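Overview (structure and organization)
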Amino acid sequence: MIKYLKQGKQAEEKAIDNQKVKEIVENIISDIEKRGDEAVSQYSGQFDKWTPKSFRLSREEIDACYEQLTEQEINDIKWAQEQVRNFATIQRESMKDVEVETLPGVVLGHKNIPVDSVGCYVPGGKYPLVASAHMSIVTAKVAGVKRVIAATPPFQGKPAPAVIVAMDLAGADEIYTFGGVQAIAAMAVGTDTIEPVSMIVGPGNAFVAEAKRQLFGRIGIDLFAGPTETLVIADDSVDGELCAADLLGQAEHGLNSPAVLLTNSEQLGKDTMAEVERQLTILPTADVASVAWRDYGEVIVCDTYDEMLEVANDLAFEHVQIMTKDVPYFQKNMRNFGALFLGPETNVSYGDKCIGTNHTLPTKGAGRYTGGLWVGKFLKTCTYQRVTEEASVMVGEYCSRLCAIEGFAGHKEQADIRLRRYGKK
Ligand SMILES: NC(=O)c1ccc[n+]([C@@H]2O[C@H](COP(=O)([O-])OP(=O)(O)OC[C@H]3O[C@@H](n4cnc5c(N)ncnc54)[C@H](O)[C@@H]3O)[C@@H](O)[C@H]2O)c1
Ligand SMILES: N[C@H](CO)Cc1c[nH]c[nH+]1
Ligand SMILES: [Zn+2]
(Lines give C-alpha, C1' and ligand atoms only; values in the text may rest on other atoms or scores of the structure.)
(Ligands and ions follow the chains in the order given, each with its own letter.)
Protein backbone atom coordinates (compact mmCIF):
# COMPACT_ATOMS: atom_id res chain seq x y z
CA MET A 1 0.00 0.00 0.00
CA ILE A 2 1.18 3.51 -0.81
CA LYS A 3 0.91 6.20 1.84
CA TYR A 4 1.80 9.90 1.43
CA LEU A 5 3.40 11.48 4.50
CA LYS A 6 3.64 14.67 2.41
CA GLN A 7 2.14 15.48 -0.97
CA GLY A 8 3.12 18.22 -3.46
CA LYS A 9 1.08 20.35 -5.86
CA GLN A 10 -1.45 18.39 -7.83
CA ALA A 11 -1.38 17.94 -11.61
CA GLU A 12 -4.18 20.49 -12.28
CA GLU A 13 -2.39 23.27 -10.44
CA LYS A 14 0.79 22.52 -12.38
CA ALA A 15 -1.09 22.54 -15.72
CA ILE A 16 -2.30 26.13 -15.16
CA ASP A 17 1.32 27.30 -14.81
CA ASN A 18 2.25 25.40 -17.97
CA GLN A 19 -0.48 27.10 -20.02
CA LYS A 20 0.74 30.57 -19.03
CA VAL A 21 4.32 29.69 -19.92
CA LYS A 22 3.21 28.35 -23.34
CA GLU A 23 1.49 31.61 -24.26
CA ILE A 24 4.36 33.84 -23.14
CA VAL A 25 6.86 31.78 -25.11
CA GLU A 26 4.72 31.70 -28.25
CA ASN A 27 4.46 35.51 -28.29
CA ILE A 28 8.18 36.10 -27.78
CA ILE A 29 9.20 33.65 -30.51
CA SER A 30 6.82 35.12 -33.04
CA ASP A 31 7.99 38.67 -32.25
CA ILE A 32 11.65 37.70 -32.62
CA GLU A 33 10.86 36.08 -35.97
CA LYS A 34 9.37 39.38 -37.13
CA ARG A 35 11.70 41.94 -35.57
CA GLY A 36 14.97 40.03 -35.04
CA ASP A 37 17.73 41.77 -33.07
CA GLU A 38 15.46 44.63 -32.05
CA ALA A 39 13.03 42.24 -30.35
CA VAL A 40 15.88 40.23 -28.76
CA SER A 41 17.18 43.43 -27.23
CA GLN A 42 13.73 44.44 -26.01
CA TYR A 43 13.11 41.13 -24.20
CA SER A 44 16.62 41.03 -22.81
CA GLY A 45 15.96 44.50 -21.37
CA GLN A 46 12.58 43.45 -20.03
CA PHE A 47 13.60 40.15 -18.39
CA ASP A 48 17.30 40.61 -17.66
CA LYS A 49 17.82 44.40 -17.71
CA TRP A 50 20.57 43.79 -20.24
CA THR A 51 20.89 45.66 -23.52
CA PRO A 52 24.55 45.75 -24.61
CA LYS A 53 25.63 47.09 -28.02
CA SER A 54 26.48 43.54 -29.05
CA PHE A 55 25.29 40.33 -27.38
CA ARG A 56 28.28 38.50 -28.86
CA LEU A 57 31.38 38.77 -26.67
CA SER A 58 34.62 39.89 -28.29
CA ARG A 59 37.94 38.08 -27.74
CA GLU A 60 38.98 40.91 -25.40
CA GLU A 61 35.80 40.55 -23.32
CA ILE A 62 36.33 36.78 -23.07
CA ASP A 63 39.97 37.24 -22.04
CA ALA A 64 38.91 39.72 -19.37
CA CYS A 65 36.76 36.98 -17.80
CA TYR A 66 39.87 34.80 -17.22
CA GLU A 67 41.36 37.66 -15.19
CA GLN A 68 38.46 37.44 -12.77
CA LEU A 69 39.07 33.78 -11.86
CA THR A 70 41.75 32.23 -9.66
CA GLU A 71 44.15 29.66 -11.03
CA GLN A 72 42.45 27.03 -8.86
CA GLU A 73 39.05 27.87 -10.33
CA ILE A 74 40.38 27.60 -13.88
CA ASN A 75 42.10 24.29 -13.10
CA ASP A 76 38.95 22.87 -11.51
CA ILE A 77 36.91 23.80 -14.57
CA LYS A 78 39.54 22.13 -16.76
CA TRP A 79 39.43 18.98 -14.60
CA ALA A 80 35.64 18.73 -14.85
CA GLN A 81 35.80 19.22 -18.62
CA GLU A 82 38.42 16.50 -18.90
CA GLN A 83 36.08 14.03 -17.15
CA VAL A 84 33.18 14.94 -19.44
CA ARG A 85 35.45 14.78 -22.53
CA ASN A 86 36.90 11.38 -21.53
CA PHE A 87 33.52 9.74 -21.03
CA ALA A 88 32.02 11.36 -24.16
CA THR A 89 35.01 10.16 -26.21
CA ILE A 90 34.52 6.59 -24.99
CA GLN A 91 30.82 6.83 -25.84
CA ARG A 92 31.68 8.24 -29.29
CA GLU A 93 34.05 5.34 -29.94
CA SER A 94 31.24 2.91 -29.08
CA MET A 95 29.12 4.34 -31.93
CA LYS A 96 30.52 2.41 -34.85
CA ASP A 97 29.60 3.04 -38.46
CA VAL A 98 28.10 -0.10 -40.00
CA GLU A 99 28.49 -1.72 -43.44
CA VAL A 100 27.27 -5.25 -44.05
CA GLU A 101 26.29 -7.58 -46.93
CA THR A 102 22.79 -8.68 -45.84
CA LEU A 103 22.08 -10.77 -48.97
CA PRO A 104 24.42 -11.76 -51.81
CA GLY A 105 25.26 -8.46 -53.54
CA VAL A 106 23.20 -6.28 -51.16
CA VAL A 107 25.31 -3.91 -49.08
CA LEU A 108 23.62 -1.83 -46.36
CA GLY A 109 25.30 0.63 -44.05
CA HIS A 110 24.95 3.55 -41.76
CA LYS A 111 27.20 6.51 -41.03
CA ASN A 112 27.16 8.69 -37.91
CA ILE A 113 27.37 12.27 -39.17
CA PRO A 114 27.70 15.25 -36.81
CA VAL A 115 25.11 18.02 -37.02
CA ASP A 116 26.66 21.08 -38.76
CA SER A 117 25.88 23.72 -36.15
CA VAL A 118 24.58 23.72 -32.61
CA GLY A 119 23.45 26.36 -30.10
CA CYS A 120 24.29 25.44 -26.51
CA TYR A 121 22.20 27.12 -23.84
CA VAL A 122 23.82 27.52 -20.42
CA PRO A 123 21.33 28.55 -17.74
CA GLY A 124 22.13 31.51 -15.56
CA GLY A 125 19.04 33.05 -14.00
CA LYS A 126 19.46 31.93 -10.40
CA TYR A 127 22.97 30.47 -10.53
CA PRO A 128 25.70 30.77 -13.16
CA LEU A 129 25.57 27.14 -14.28
CA VAL A 130 29.22 26.78 -15.28
CA ALA A 131 28.90 22.99 -15.48
CA SER A 132 26.26 23.18 -18.21
CA ALA A 133 28.94 24.61 -20.51
CA HIS A 134 31.00 21.42 -20.15
CA MET A 135 27.99 19.19 -20.69
CA SER A 136 26.88 20.60 -24.02
CA ILE A 137 29.87 22.33 -25.62
CA VAL A 138 32.53 19.72 -24.80
CA THR A 139 30.18 16.93 -25.87
CA ALA A 140 29.25 18.66 -29.14
CA LYS A 141 32.93 19.13 -29.97
CA VAL A 142 33.70 15.47 -29.21
CA ALA A 143 30.90 14.57 -31.62
CA GLY A 144 32.60 16.65 -34.30
CA VAL A 145 30.15 19.56 -34.59
CA LYS A 146 31.91 22.30 -36.59
CA ARG A 147 30.09 25.42 -35.41
CA VAL A 148 29.18 25.45 -31.72
CA ILE A 149 27.69 28.67 -30.44
CA ALA A 150 26.87 29.26 -26.78
CA ALA A 151 24.48 31.53 -24.91
CA THR A 152 23.96 32.38 -21.26
CA PRO A 153 22.07 35.20 -19.56
CA PRO A 154 23.91 37.94 -17.72
CA PHE A 155 24.39 37.19 -14.04
CA GLN A 156 24.11 40.05 -11.56
CA GLY A 157 24.18 42.56 -14.40
CA LYS A 158 27.16 41.27 -16.41
CA PRO A 159 28.51 38.22 -18.22
CA ALA A 160 29.24 35.52 -15.60
CA PRO A 161 33.06 35.16 -15.83
CA ALA A 162 33.26 31.49 -14.83
CA VAL A 163 30.58 30.51 -17.34
CA ILE A 164 32.28 32.45 -20.15
CA VAL A 165 35.67 30.91 -19.33
CA ALA A 166 34.11 27.43 -19.24
CA MET A 167 32.46 28.07 -22.64
CA ASP A 168 35.76 29.24 -24.09
CA LEU A 169 37.77 26.34 -22.65
CA ALA A 170 35.13 23.92 -23.90
CA GLY A 171 35.70 25.20 -27.43
CA ALA A 172 32.69 27.43 -28.18
CA ASP A 173 33.13 29.24 -31.51
CA GLU A 174 30.83 32.18 -30.65
CA ILE A 175 29.71 33.27 -27.19
CA TYR A 176 26.57 35.36 -26.58
CA THR A 177 25.33 36.85 -23.35
CA PHE A 178 21.59 36.59 -23.55
CA GLY A 179 19.14 34.25 -21.91
CA GLY A 180 15.67 32.81 -21.81
CA VAL A 181 13.32 32.53 -24.77
CA GLN A 182 15.08 35.36 -26.59
CA ALA A 183 18.35 33.40 -26.61
CA ILE A 184 16.73 30.19 -27.82
CA ALA A 185 14.72 31.97 -30.52
CA ALA A 186 17.66 34.09 -31.72
CA MET A 187 19.88 31.02 -32.14
CA ALA A 188 17.11 28.93 -33.73
CA VAL A 189 15.58 31.35 -36.21
CA GLY A 190 18.57 33.67 -36.59
CA THR A 191 18.65 37.47 -36.67
CA ASP A 192 20.46 40.10 -38.74
CA THR A 193 23.61 39.41 -36.74
CA ILE A 194 23.28 35.74 -35.81
CA GLU A 195 23.44 32.86 -38.27
CA PRO A 196 20.80 30.29 -37.21
CA VAL A 197 21.88 26.85 -36.02
CA SER A 198 20.53 23.39 -36.86
CA MET A 199 20.03 22.27 -33.30
CA ILE A 200 19.61 23.75 -29.81
CA VAL A 201 20.71 21.87 -26.70
CA GLY A 202 21.05 22.46 -23.00
CA PRO A 203 18.89 22.77 -19.93
CA GLY A 204 16.90 25.71 -18.66
CA ASN A 205 13.89 26.89 -16.72
CA ALA A 206 10.30 26.32 -17.81
CA PHE A 207 10.49 29.17 -20.38
CA VAL A 208 13.67 27.85 -21.97
CA ALA A 209 12.41 24.27 -22.10
CA GLU A 210 9.09 25.40 -23.61
CA ALA A 211 10.87 27.54 -26.23
CA LYS A 212 12.89 24.51 -27.34
CA ARG A 213 9.72 22.42 -27.43
CA GLN A 214 7.90 24.96 -29.61
CA LEU A 215 10.83 25.34 -32.02
CA PHE A 216 11.40 21.62 -32.38
CA GLY A 217 10.86 20.61 -36.00
CA ARG A 218 12.35 23.81 -37.44
CA ILE A 219 15.48 22.88 -35.56
CA GLY A 220 16.55 19.77 -33.69
CA ILE A 221 16.63 19.72 -29.93
CA ASP A 222 18.37 17.39 -27.52
CA LEU A 223 15.48 16.67 -25.16
CA PHE A 224 13.04 18.28 -22.78
CA ALA A 225 15.41 19.31 -19.97
CA GLY A 226 13.39 21.61 -17.73
CA PRO A 227 13.28 22.35 -14.01
CA THR A 228 15.37 19.92 -11.98
CA GLU A 229 13.64 17.06 -10.22
CA THR A 230 15.03 14.45 -7.88
CA LEU A 231 13.86 11.18 -6.41
CA VAL A 232 15.57 9.57 -3.44
CA ILE A 233 14.78 5.87 -3.01
CA ALA A 234 15.91 4.83 0.45
CA ASP A 235 15.36 2.33 3.23
CA ASP A 236 16.55 2.15 6.81
CA SER A 237 20.11 1.45 5.68
CA VAL A 238 20.51 5.25 5.59
CA ASP A 239 19.38 8.08 7.82
CA GLY A 240 17.17 11.14 7.48
CA GLU A 241 20.10 13.54 7.51
CA LEU A 242 21.55 12.07 4.29
CA CYS A 243 18.15 11.84 2.58
CA ALA A 244 17.32 15.45 3.48
CA ALA A 245 20.67 16.70 2.14
CA ASP A 246 20.09 14.86 -1.16
CA LEU A 247 16.55 16.25 -1.48
CA LEU A 248 17.47 19.85 -0.67
CA GLY A 249 20.60 19.69 -2.80
CA GLN A 250 18.37 19.64 -5.86
CA ALA A 251 15.34 21.52 -4.47
CA GLU A 252 17.57 24.60 -4.34
CA HIS A 253 17.48 24.78 -8.15
CA GLY A 254 14.14 26.53 -8.36
CA LEU A 255 10.76 27.17 -6.81
CA ASN A 256 9.23 24.47 -8.99
CA SER A 257 11.83 21.73 -8.49
CA PRO A 258 10.20 18.54 -7.17
CA ALA A 259 12.13 16.55 -4.54
CA VAL A 260 10.60 13.24 -3.55
CA LEU A 261 11.54 10.60 -0.99
CA LEU A 262 10.30 7.10 -1.72
CA THR A 263 10.82 4.65 1.13
CA ASN A 264 9.58 1.51 2.79
CA SER A 265 10.32 2.95 6.23
CA GLU A 266 7.76 5.31 7.72
CA GLN A 267 10.32 6.18 10.40
CA LEU A 268 12.87 7.24 7.74
CA GLY A 269 10.15 9.34 6.11
CA LYS A 270 9.41 11.14 9.37
CA ASP A 271 13.09 11.58 10.23
CA THR A 272 13.77 12.99 6.75
CA MET A 273 10.92 15.50 7.02
CA ALA A 274 12.22 16.69 10.38
CA GLU A 275 15.76 16.88 8.98
CA VAL A 276 14.61 18.89 5.96
CA GLU A 277 13.10 21.48 8.32
CA ARG A 278 16.31 21.58 10.38
CA GLN A 279 18.60 21.87 7.34
CA LEU A 280 16.40 24.60 5.88
CA THR A 281 17.24 26.77 8.90
CA ILE A 282 20.95 26.70 7.94
CA LEU A 283 21.00 26.26 4.15
CA PRO A 284 22.02 29.58 2.52
CA THR A 285 19.70 28.87 -0.44
CA ALA A 286 16.72 28.03 1.80
CA ASP A 287 14.67 30.88 0.31
CA VAL A 288 14.29 28.83 -2.89
CA ALA A 289 14.59 25.30 -1.48
CA SER A 290 11.95 25.83 1.21
CA VAL A 291 9.34 26.94 -1.34
CA ALA A 292 10.23 24.04 -3.66
CA TRP A 293 9.92 21.64 -0.72
CA ARG A 294 6.65 23.19 0.47
CA ASP A 295 5.01 23.09 -2.98
CA TYR A 296 6.62 20.12 -4.70
CA GLY A 297 8.22 18.03 -1.94
CA GLU A 298 6.77 14.59 -1.33
CA VAL A 299 7.36 11.69 1.02
CA ILE A 300 5.86 8.41 -0.13
CA VAL A 301 5.89 5.25 1.96
CA CYS A 302 5.47 1.86 0.31
CA ASP A 303 5.41 -1.65 1.73
CA THR A 304 7.85 -3.37 -0.60
CA TYR A 305 10.73 -2.78 -3.03
CA ASP A 306 8.43 -3.88 -5.87
CA GLU A 307 5.92 -1.18 -4.98
CA MET A 308 8.70 1.42 -4.73
CA LEU A 309 9.97 0.35 -8.13
CA GLU A 310 6.54 0.74 -9.71
CA VAL A 311 6.09 4.26 -8.29
CA ALA A 312 9.61 5.24 -9.38
CA ASN A 313 9.11 3.98 -12.94
CA ASP A 314 5.78 5.86 -13.14
CA LEU A 315 7.41 9.08 -11.94
CA ALA A 316 10.20 8.77 -14.55
CA PHE A 317 12.22 11.41 -12.69
CA GLU A 318 15.35 13.14 -13.91
CA HIS A 319 17.61 12.00 -11.05
CA VAL A 320 17.12 8.85 -9.06
CA GLN A 321 19.34 8.29 -6.04
CA ILE A 322 19.29 4.70 -4.74
CA MET A 323 20.18 4.20 -1.09
CA THR A 324 18.78 0.79 -0.22
CA LYS A 325 20.24 -2.47 1.07
CA ASP A 326 19.68 -3.98 -2.37
CA VAL A 327 21.08 -1.44 -4.83
CA PRO A 328 21.44 -3.94 -7.74
CA TYR A 329 17.68 -4.66 -7.62
CA PHE A 330 16.95 -1.03 -8.57
CA GLN A 331 19.86 -0.78 -10.99
CA LYS A 332 18.48 -3.82 -12.82
CA ASN A 333 14.80 -2.94 -12.75
CA MET A 334 14.60 0.87 -13.07
CA ARG A 335 13.43 1.64 -16.61
CA ASN A 336 12.34 5.30 -16.63
CA PHE A 337 14.86 7.88 -15.40
CA GLY A 338 17.44 10.41 -16.54
CA ALA A 339 20.39 9.22 -14.46
CA LEU A 340 20.86 6.76 -11.61
CA PHE A 341 23.11 7.40 -8.61
CA LEU A 342 23.84 4.04 -7.09
CA GLY A 343 24.54 3.83 -3.38
CA PRO A 344 24.99 6.44 -0.65
CA GLU A 345 28.65 6.97 -1.59
CA THR A 346 27.75 8.92 -4.73
CA ASN A 347 25.17 11.64 -5.25
CA VAL A 348 23.55 13.91 -7.84
CA SER A 349 25.97 16.75 -7.23
CA TYR A 350 28.91 14.63 -8.49
CA GLY A 351 27.01 14.11 -11.73
CA ASP A 352 25.97 17.76 -11.87
CA LYS A 353 29.45 19.15 -11.56
CA CYS A 354 32.28 16.90 -12.54
CA ILE A 355 32.21 13.11 -12.49
CA GLY A 356 31.87 12.87 -16.27
CA THR A 357 28.32 11.69 -16.98
CA ASN A 358 26.13 14.38 -18.55
CA HIS A 359 23.90 16.44 -16.29
CA THR A 360 21.47 17.57 -18.99
CA LEU A 361 18.67 15.13 -18.35
CA PRO A 362 15.00 14.54 -19.16
CA THR A 363 12.32 16.07 -16.92
CA LYS A 364 8.52 16.06 -16.68
CA GLY A 365 8.22 12.41 -17.66
CA ALA A 366 10.49 12.65 -20.72
CA GLY A 367 12.54 9.87 -19.11
CA ARG A 368 9.84 7.51 -20.43
CA TYR A 369 11.17 7.96 -23.96
CA THR A 370 14.67 9.43 -23.85
CA GLY A 371 17.91 9.44 -21.94
CA GLY A 372 19.94 12.57 -21.32
CA LEU A 373 22.26 14.58 -23.52
CA TRP A 374 25.21 12.60 -24.83
CA VAL A 375 27.49 12.53 -27.82
CA GLY A 376 24.98 10.46 -29.81
CA LYS A 377 22.44 13.29 -29.72
CA PHE A 378 24.75 15.36 -31.93
CA LEU A 379 25.11 12.61 -34.51
CA LYS A 380 22.70 11.74 -37.28
CA THR A 381 22.70 8.03 -38.01
CA CYS A 382 22.07 7.97 -41.75
CA THR A 383 21.77 4.85 -43.89
CA TYR A 384 22.96 3.99 -47.39
CA GLN A 385 22.75 1.01 -49.73
CA ARG A 386 24.53 -0.40 -52.78
CA VAL A 387 23.65 -3.50 -54.84
CA THR A 388 25.07 -5.50 -57.73
CA GLU A 389 23.09 -5.95 -60.98
CA GLU A 390 22.15 -9.51 -59.98
CA ALA A 391 21.01 -8.39 -56.54
CA SER A 392 19.01 -5.55 -58.09
CA VAL A 393 17.04 -8.09 -60.13
CA MET A 394 16.42 -10.28 -57.08
CA VAL A 395 15.25 -7.38 -54.87
CA GLY A 396 13.45 -5.71 -57.79
CA GLU A 397 11.09 -8.66 -58.27
CA TYR A 398 9.94 -8.48 -54.66
CA CYS A 399 9.73 -4.71 -54.79
CA SER A 400 7.70 -4.67 -58.00
CA ARG A 401 5.09 -7.05 -56.57
CA LEU A 402 4.97 -5.20 -53.24
CA CYS A 403 4.39 -1.88 -55.08
CA ALA A 404 1.52 -3.46 -56.99
CA ILE A 405 -0.23 -4.43 -53.71
CA GLU A 406 -0.23 -0.77 -52.70
CA GLY A 407 -1.01 0.67 -56.11
CA PHE A 408 2.23 2.63 -56.38
CA ALA A 409 2.74 2.66 -60.14
CA GLY A 410 5.70 5.04 -60.13
CA HIS A 411 7.51 3.10 -57.43
CA LYS A 412 6.82 -0.13 -59.35
CA GLU A 413 8.36 1.35 -62.48
CA GLN A 414 11.54 2.22 -60.53
CA ALA A 415 11.92 -1.51 -59.90
CA ASP A 416 10.66 -2.68 -63.30
CA ILE A 417 13.06 -0.51 -65.30
CA ARG A 418 15.92 -2.24 -63.50
CA LEU A 419 14.43 -5.67 -64.08
CA ARG A 420 14.37 -4.86 -67.82
CA ARG A 421 17.92 -3.50 -67.81
CA TYR A 422 19.67 -5.96 -65.53
CA GLY A 423 17.40 -8.99 -65.97
CA LYS A 424 18.18 -11.95 -68.26
CA LYS A 425 19.86 -10.45 -71.29
N1 LIG B 1 17.04 19.16 -16.67
C2 LIG B 1 18.31 19.47 -16.65
O3 LIG B 1 19.14 18.76 -17.19
C4 LIG B 1 18.78 20.71 -15.96
C5 LIG B 1 20.14 20.96 -15.80
C6 LIG B 1 20.55 22.14 -15.21
C7 LIG B 1 19.60 23.06 -14.81
N8 LIG B 1 18.29 22.78 -14.98
C9 LIG B 1 17.25 23.74 -14.64
O10 LIG B 1 17.55 24.93 -15.34
C11 LIG B 1 16.85 25.96 -14.73
C12 LIG B 1 17.68 27.21 -14.71
O13 LIG B 1 16.77 28.23 -14.50
P14 LIG B 1 17.16 29.72 -14.28
O15 LIG B 1 15.89 30.48 -14.20
O16 LIG B 1 18.11 29.81 -13.16
O17 LIG B 1 18.00 30.11 -15.56
P18 LIG B 1 17.65 30.10 -17.12
O19 LIG B 1 18.88 30.61 -17.78
O20 LIG B 1 17.10 28.82 -17.57
O21 LIG B 1 16.51 31.17 -17.29
C22 LIG B 1 16.74 32.53 -17.08
C23 LIG B 1 16.00 33.30 -18.15
O24 LIG B 1 14.60 33.08 -18.04
C25 LIG B 1 13.94 34.20 -18.58
N26 LIG B 1 12.75 34.50 -17.78
C27 LIG B 1 12.69 34.59 -16.45
N28 LIG B 1 11.43 34.94 -16.08
C29 LIG B 1 10.71 35.06 -17.22
C30 LIG B 1 9.35 35.38 -17.51
N31 LIG B 1 8.48 35.65 -16.53
N32 LIG B 1 8.95 35.41 -18.79
C33 LIG B 1 9.81 35.12 -19.79
N34 LIG B 1 11.12 34.82 -19.57
C35 LIG B 1 11.55 34.77 -18.31
C36 LIG B 1 14.92 35.35 -18.57
O37 LIG B 1 15.11 35.83 -19.86
C38 LIG B 1 16.22 34.77 -18.06
O39 LIG B 1 17.32 35.11 -18.87
C40 LIG B 1 16.43 25.49 -13.36
O41 LIG B 1 15.05 25.25 -13.38
C42 LIG B 1 17.20 24.18 -13.20
O43 LIG B 1 16.51 23.28 -12.41
C44 LIG B 1 17.87 21.64 -15.55
N1 LIG C 1 21.00 19.26 -11.26
C2 LIG C 1 21.04 19.94 -12.52
C3 LIG C 1 20.28 19.10 -13.53
O4 LIG C 1 18.96 19.10 -13.28
C5 LIG C 1 22.44 20.19 -13.03
C6 LIG C 1 23.27 21.08 -12.19
C7 LIG C 1 24.40 21.74 -12.53
N8 LIG C 1 24.82 22.41 -11.46
C9 LIG C 1 24.02 22.18 -10.49
N10 LIG C 1 23.07 21.37 -10.92
ZN1 LIG D 1 21.82 20.27 -9.59
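Rules behind the numbers
Here the residue numbering is sequential within each chain, running from 1 through the sequence in written order. Here every chain gets a letter starting at A, and every ligand a number starting at 1, in the order they are written. Note on the predicted model: pLDDT of at least 70 is required for a residue's local features to be given, and 80 or more for side-chain atom pairs to be given and counted; whole-chain, interface and lining totals, by contrast, use all residues. Here the side-chain values reflect all heavy atoms present in the structure, with hydrogen atoms and water set aside. UniProt positions are given in the numbering used here, feature names are shortened, and annotations may be inferred rather than shown by experiment. Every helix listed is a DSSP run of H or I at least four residues long, and every strand listed is a run of E at least two residues long, numbered separately from the N terminus. Each residue is assigned to one of three classes by its accessible area relative to the maximum for its type, calculated with a 1.4 Å probe on protein chains only: buried under 20%, partly exposed between the two thresholds, exposed over 50%. In this description, contact between two residues means that some pair of their heavy atoms is separated by no more than 4.5 Å. Values of accessible area rely on a 1.4 Å probe in the Shrake-Rupley scheme; residue burial ignores everything except the protein chains shown. In this tally, Asp and Glu contribute negative charge and Lys and Arg positive charge; neither His nor the terminal groups of the chain are included. A charge is said to be at NZ when it belongs to Lys, at CZ for Arg, at CG for Asp and at CD for Glu. We call Phe, Tyr and Trp rings a pair once their centres come within 6.5 Å, taking the six-membered ring for Trp, and we label the pair stacked below 30 degrees between planes, edge-to-face above 60, and tilted otherwise. For Na, K and Ca the donor cutoff is 3.2 Å, while for all other metals N, O and S atoms count as donors only within 2.8 Å; water does not appear among the atoms, so some sites may look incomplete. Salt bridge, as used here, is a side-chain nitrogen of Lys or Arg placed within 4 Å of a carboxyl oxygen of Asp or Glu. Under the rule applied, a polar contact is a pair of N or O atoms within 3.5 Å (in protein, one hydrogen donor and one hydrogen acceptor; residues adjacent in sequence only if both atoms are side-chain atoms).

Taking an unreviewed UniProt entry as the reference, the chain is identified by name as Histidinol dehydrogenase belonging to Alteromonas portus. Turning to the chain, the UniProt annotation filed under Sequence similarities (unreviewed entry) states: "Belongs to the histidinol dehydrogenase family."

All right, on to the overall build of the chain then. The secondary structure content of the chain amounts to 15 helices and 14 strands. For the chain, the spread of C-alpha atoms along the principal axes amounts to about 90 × 60 × 45 Å. Counting the 425 residues in the chain, one finds 51% classified as buried. Counting only contacts in the chain whose residues sit at least 6 apart along the sequence, the fraction spanning at least 24 positions is 73%. Carbon together with sulfur atoms contributes 53% to the accessible area of the chain, which is approximately 20,600 Å² in total. Distance between charge centres in the chain, computed from 44 positive and 59 negative side chains, equals 7 Å.

With that out of the way, let us pick up the packing of aromatic side chains. Taken as a whole and judged by the stated rule, the model has six aromatic pairs. For the pair Phe 55 and Phe 178, a centre-to-centre distance of 5.3 Å together with 40° between the ring planes defines the contact as tilted. Residue Phe 55 is found in the loop between α1 (11–48) and α2 (59–67), and its partner Phe 178 is found in the loop between β6 (174–176) and α6 (180–189); the two are separated by 123 residues along the sequence. When its relative accessible area of 0% is taken as the criterion, Phe 178 is described as buried. Seen in terms of ring centroids, Tyr 305 and Phe 330 are 5.2 Å apart; in terms of plane orientation they differ by 65°. Their pairing is edge-to-face.

Okay, the coordination of the zinc ion (ligand 3) next. The zinc ion (ligand 3) binds to the protein through Gln 250 (OE1), His 253 (NE2) and Asp 352 (OD), with metal-donor distances spanning 2.1 to 2.7 Å. Sequence spacing among the residues donating to the zinc ion (ligand 3) works out to Q-x2-H-x98-D. With Gln 250 in helix α8 (residues 240–251) and Asp 352 in helix α13 (residues 348–353), this residue pair connects regions lying 102 residues apart in the sequence. Each of the two residues, Gln 250 as well as Asp 352, counts as buried.

On to the side chain of Lys 6. Relative to the helices and strands, Lys 6 is located in strand β1 (residues 3–6). For Lys 6, which is buried and forms no salt bridge, the nearest opposite charge comes from Asp 295, at a distance of 7.2 Å. Looking at Lys 6, its side chain comes within polar contact range of the main-chain oxygen of Trp 293, at 2.8 Å. At a separation of 3.0 Å, a polar atom in the side chain of Lys 6 contacts the main-chain carbonyl oxygen of Gly 297.

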